[in-house]
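Each chain is listed here by its residues.
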Amino acid sequence: MSRAVLRYVPHTIRHVPDGGVTFEAFCVASGCDETSGPQGEQEAAQDWSLRHAGRTGHDLFRRVVTDHARVARDE
């Protein structure tokens, strides 16, 4: 029987600016599956939401911001 020795090492996770950020808006009105699609600027996703609300009367959206992160050992 062998035994495993576990070593817990602290890590830190940080945003990677070079990875960029993506913004996306999803209409969550009942029966509506429309989305802004991934946008490189927050204003583009917001503008899509405003236009969609104006055309349809839908007023509830889910906003998603995606970034890249890097994990590194604290040692």
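Look up a bit, the structure's there.
Let me sum up the structure you'll find in this document. From a predicted model like this one, the values you see are computed outputs, not experimental measurements. (Residues numbered from 1 in each chain as written. Predicted model: local features only at pLDDT ≥ 70, side-chain atom pairs only at ≥ 80, totals over all residues. Heavy atoms only, no water.)

Further remarks concern the overall build of the chain. The helix and strand inventory of the chain stands at one helix and four strands. Relative to the globule expectation of 11 Å for 75 residues, the C-alpha radius of gyration of the chain, 20 Å, shows a markedly less compact shape. Taken over the C-alpha atoms alone, the chain extends approximately 65 × 35 × 15 Å along its principal axes. Put simply, the chain has 75 residues, and 17% of those count as buried. Sequence-distant contacts, at least 24 apart, represent 59% of the contacts inside the chain between residues at least 6 apart. Total accessible area computed for the chain in this model is approximately 6,200 Å², and 51% of it derives from carbon and sulfur atoms. Both charge centroids of the chain, one from 9 positive and one from 11 negative side chains, sit 11 Å from each other. (Helix = DSSP H or I, 4+ residues; strand = E, 2+ residues; numbered from the N terminus. Rg over C-alpha atoms; globule rule 2.2 N^0.38 Å. Buried < 20%, exposed > 50% of the residue type's maximum accessible area, 1.4 Å probe, protein only. Contact = heavy atoms within 4.5 Å. Areas by Shrake-Rupley, 256 points an atom, 1.4 Å probe, with all protein chains shown as cover. Lys, Arg positive; Asp, Glu negative; His and termini not counted. Charge placed at Lys NZ, Arg CZ, Asp CG, Glu CD.)

Here we take up the nonpolar core. With six residues, the main nonpolar core is built from Phe-23, Ala-25, Cys-27, Cys-32, Ala-45 and Trp-48. When contributions to this core are tallied by element, the ones reaching two or more residues are β2 (21–27) and α1 (42–56). The biggest single contributor to this core is β2, with three residues. Here Ala-25 is in contact with Thr-35, Ser-36, Ala-45, Trp-48, Ser-49 and Arg-62, once residues within four sequence places are set aside. (Core = buried A, V, L, I, M, F, W, Y, C linked by side-chain atoms within 4.5 Å.)

Okay, the environment of Glu-34 next. If you trace the backbone, Glu-34 turns up in the loop between β2 and α1. Look past the residues within four positions of Glu-34 in its chain and what remains in contact with it is Phe-26, Cys-27, Trp-48, His-52 and Arg-55.

Along the chain, Asp-47 falls in helix α1. Judged by its relative accessible area of 39%, Asp-47 falls in the partly exposed class. Between the C-alpha atom of Asp-47 and that of Ser-36, which follows or precedes it by 11 residues, the distance is 9.0 Å.

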